[in-house]
Amino acid sequence: MKAYRAAILRFATDREPRHAAMYDEDGLLVVGPNAQGLQVVQAVGPYRALHARYPDLAVTHWSGRIIAPGFVDLHSHYPQANVIGSPAESLLPWLENYTFPEEKRFSSPQYSTEAAQFFIAELLRQGVTTALTFATSHPASVQAFFTEAHKHRMRLITGLCLMDRHAAADVLNQPTAPGKLDATEQSLLDSEALIRQWHGVDRLGYAITPRFAPSCSDAQLRGSGELAAMYPDVWIQSHAAENKAEIAWARALFPASRSYLATYADFGLLRERAIYAHCIHLDDADRALMRDTGAAAAVCPTSNLFLGSGFFDYAGADRVGFPYGLASDVGGGTSFSPFHTMLAAYYVGREGQTKPGLSLGPQHLWWQHTAGAAQALGLKGLVGNLQPGCEADFVVLNPQATPLLARRTALAANLDELLFSMIVLGDDRLVERTVISQAIESCDPMMFSFR
Ligand code: GUN
Ligand code: ZN
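Computed from a prediction, not measured in an experiment: that's the story for all the values here. (Residues numbered from 1 in each chain as written. Chains lettered and ligands numbered in written order. Predicted model: local features only at pLDDT ≥ 70, side-chain atom pairs only at ≥ 80, totals over all residues. Heavy atoms only, no water.)

Before going further, it helps to spend a moment on the overall build of the chain. Assigned secondary structure in the chain consists of 17 helices and 16 strands. Relative to its length of 451 residues, the chain is compact, with a C-alpha radius of gyration of 21 Å against a globular reference of 22 Å. Along the first, second and third principal axes, the C-alpha atoms of the chain reach 70 × 45 × 40 Å. Within the chain, buried positions represent 60% of all 451 residues. Of the roughly 17000 Å² of accessible surface on the chain, a fraction of 52% belongs to carbon and sulfur atoms. (Helix = DSSP H or I, 4+ residues; strand = E, 2+ residues; numbered from the N terminus. Rg over C-alpha atoms; globule rule 2.2 N^0.38 Å. Buried < 20%, exposed > 50% of the residue type's maximum accessible area, 1.4 Å probe, protein only. Areas by Shrake-Rupley, 256 points an atom, 1.4 Å probe, with all protein chains shown as cover.)

If you want it as structure tokens, here you go:
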């Protein structure tokens, strides 16, 4: 067992997300193995109340630091780190001009391995300990990612990107040699083989990954739904209702469905553990479909602002009541940092809302990127929180990491002010350490010239 003393942030599970934060200014976190040998939280609370229960335990004291749950990123693309910040008029030209040309390169196992190593290191550096991420249409890209993720024993979920039309053959991983199996059938066979190889290995998970309806044939969406029915505990990830031109395209391709989102339902792809990125332009019937099927939205504010896609309607989501959480959407998104994503979500909560004057509070923003995102993934009580039983994935934050952070956080009069000052001023410099259930990755402050 191990014990850590510092300020500790966690979330009550029986309170409304807006007011769920619990904070021990001088706290103790006791971590030890569960029956499966995974390090989990054994006890947490005020140091004064707890430490006498563990008289023989050496305590690591991180004075002046804050222990908080590792962040959960609900949607990203590991092959898109190199396209962050590529300017485009909107989503579809961005895909065509930057994203698809980059994704072609992932037919190479070496290229995929280097990109996976970079991506995972960056997640850890930014304090993200659980992520649901796209790979490309090349099985090599999935193998590389799982292989690297496994080395870190992280809770990472990915899947083969299913796309069998509307892009060049090498983006689609289309076999060009005659006599090869039909590409659609091959993509589904590859997906199933990858599920069997990787889903549930340590903390890894598989996600059936139709890119978005416009890039998938009826047969590929049908096959995806069939796989989802055969493997109910794997995840599903895709995109929905991100951009007006994309929606018009999806409607033209699937006119029989009631809406773009309903297309996925019609192929059996809306259910619990199904995460749809963006979900901006939904109507109430779509929202009810999300609620009734248990599917969740990955809210991607930096991406939606960067690509001009629109604003997630928080008021609409809460009025109808479906699950959602925050996501970087790298590389449409502009940052790996959960602090940048939370700040962008705050801006979105003030603008473009159907309910004027809505404002997302700091506890709710932080919850959306930790316990709330974990709940959307069906991993409530396992990650995204530091209640007893949760896997010991956490970050150690240094609120004095920069002169401005030190100055501003010292003036915080209450928890909301403290959290908000970190959301507004924070980035990777705030994350001093990322601890994952099995291994410790320390960010060496000397690595970065700005420290
Ligand atoms: N829709 C289909 N593919 C993508 C992608 O790679 N990024 C974003 N933001 N939207 C998509
Ligand atoms: Zn995406």
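On to the pairing of strand β9 (residues 205-210). For β9, a buried count of 6 out of 6 residues is recorded, marking the element as mostly surrounded by other parts of the structure. Of the two faces of β9, the one holding Gly205, Ala207 and Thr209 and the one holding Tyr206, Ile208 and Pro210 are both buried throughout. The sheet contact formed by strand β7 (residues 155-159) and β9 spans 2 bridges and is parallel. Within β9, the position partnered with threonine 158 by the bridge is tyrosine 206. Where strand β8 (residues 161-162) meets β9, 2 bridges bridge the pair, whose relative direction is parallel. Residue pairing across strands places leucine 162 opposite proline 210, the latter belonging to β9. Pairing analysis gives 2 bridges linking β9 to strand β10 (residues 235-240), with the strands arranged parallel. (Pairing = 2+ DSSP bridges.)

So, on to the nonpolar core. In this structure, Tyr264, Tyr314, Trp366 and Leu397 are the most contacted members of the largest nonpolar core, which totals 106 residues. Apart from residues lying up to four places away in sequence, tryptophan 366 is in contact with Leu9, Phe11, Phe71, Phe339, Met342, Leu397, Leu419, Met422 and Ile423. Core analysis: the second largest hydrophobic core is formed by 18 residues, Leu132, Ala277, Ala296 and Cys300 among them. (Core = buried A, V, L, I, M, F, W, Y, C linked by side-chain atoms within 4.5 Å. Contact = heavy atoms within 4.5 Å.)

Moving on to the packing of aromatic side chains. In this description, an aromatic ring pair is defined by two values, namely the gap between the centres and the angle between the planes. Taken as a whole, this structure holds 24 aromatic pairs when the rule is applied. Residues phenylalanine 146 and tryptophan 198 carry aromatic rings whose centres are separated by 5.1 Å and whose planes lie at 20° to one another, so their mutual orientation is stacked. Of this pair, phenylalanine 146 sits in helix α4 (residues 139-152) while tryptophan 198 is found in helix α6 (residues 183-198), placing the two residues 52 residues apart along the sequence. For the pair phenylalanine 146 and tryptophan 198, one class covers both residues: buried. For the ring pair tyrosine 346 and phenylalanine 420, a centre distance of 4.8 Å and an interplane angle of 70° mean the geometry is edge-to-face. Taken together, the positions of tyrosine 346 in helix α13 (residues 338-350) and phenylalanine 420 in helix α17 (residues 415-425) put the pair 74 residues apart, joining distant regions of the chain. (Phe/Tyr/Trp six-rings, centres within 6.5 Å; stacked < 30°, edge-to-face > 60°.)

Working definition: two side chains of opposite charge can pair if their charged atoms are close together. Per the counting criterion, the structure on display carries 23 salt bridges. When salt bridges with common partners are traced through the structure, they connect Arg155, Arg203, Glu391 and Asp393 into a single cluster. (Salt bridge = Lys/Arg side-chain N within 4 Å of Asp/Glu carboxyl O.)

Before going further, it helps to examine the coordination of the zinc ion (ligand 2). Around the zinc ion (ligand 2), the protein supplies His75 (NE2), His77 (NE2), His239 (NE2) and Asp329 (OD) as donor atoms, at distances of 2.0 to 2.6 Å. In the primary sequence, the donor residues of the zinc ion (ligand 2) line up as H-x1-H-x161-H-x89-D. Here the residue histidine 239 occupies a position in strand β10, and aspartate 329 occupies one in the loop between β13 (324-326) and α13, the gap between them amounting to 90 residues. Comparing histidine 239 with aspartate 329, the two get one shared label, buried. (Donors = N, O, S within 2.8 Å, 3.2 Å for Na, K, Ca; no water.)

The next thing to look at is the confidence of the model for the chain. Here the chain shows a mean pLDDT of 94. Residues at 70 or above account for 95%. Throughout residues 444-451 the model reports pLDDT below 50, and contacts reaching past four residues in sequence, or to other chains, amount to 7 contacts. (pLDDT = per-residue confidence, 0-100.)

Before going further, it helps to examine the site of ligand 1. Around ligand 1 lies a shell formed by His77, Gln80, Leu91, Trp94, Leu95, Arg211, Phe212, His239, Glu242, His278 and Asp329. A distance of 2.7 Å separates a nitrogen atom of ligand 1 from a polar atom in the side chain of glutamate 242. Interatomic distance of 3.0 Å between a side-chain N/O atom of aspartate 329 and a nitrogen atom of ligand 1. When ligand 1 is considered free in solution it has 280 Å² of accessible area, and contact with the protein chains removes 100% of it. Across the shell around ligand 1, the residue classes break down as 4 nonpolar, 4 polar and 3 charged. (Near = heavy atom within 4 Å. Polar contact = N/O pair within 3.5 Å; in protein donor to acceptor, adjacent residues only side chain to side chain. Nonpolar A, V, L, I, M, F, W, Y, C, P; charged D, E, K, R; others polar.)

This next bit is on helix α2 (residues 91-104). Its 14 residues give α2 an end-to-end C-alpha distance of 18 Å, which sits within 8% of 20 Å, the value for a rise of 1.5 Å per residue. Approximately 35° is the largest bend angle found in α2, and it occurs at tyrosine 98, with the proline proline 101 only one to four residues beyond. Three or more residues of α2 are buried, namely Leu91, Trp94, Leu95, Thr99, Phe100, Glu102 and Glu103. (Expected span 1.5 Å × (residues − 1). Bend = angle between axes of the 7 residues up to and from the residue.)

Another point: the side chain of threonine 130. Note on placement: threonine 130 falls in strand β6 (residues 128-134). Under the relative-accessibility criterion, threonine 130 is labelled buried at 0%. Look past the residues within four positions of threonine 130 in its chain and what remains in contact with it is Phe71, Val72, Asp73, Arg155, Leu156, Leu377, Val383 and Asp393.

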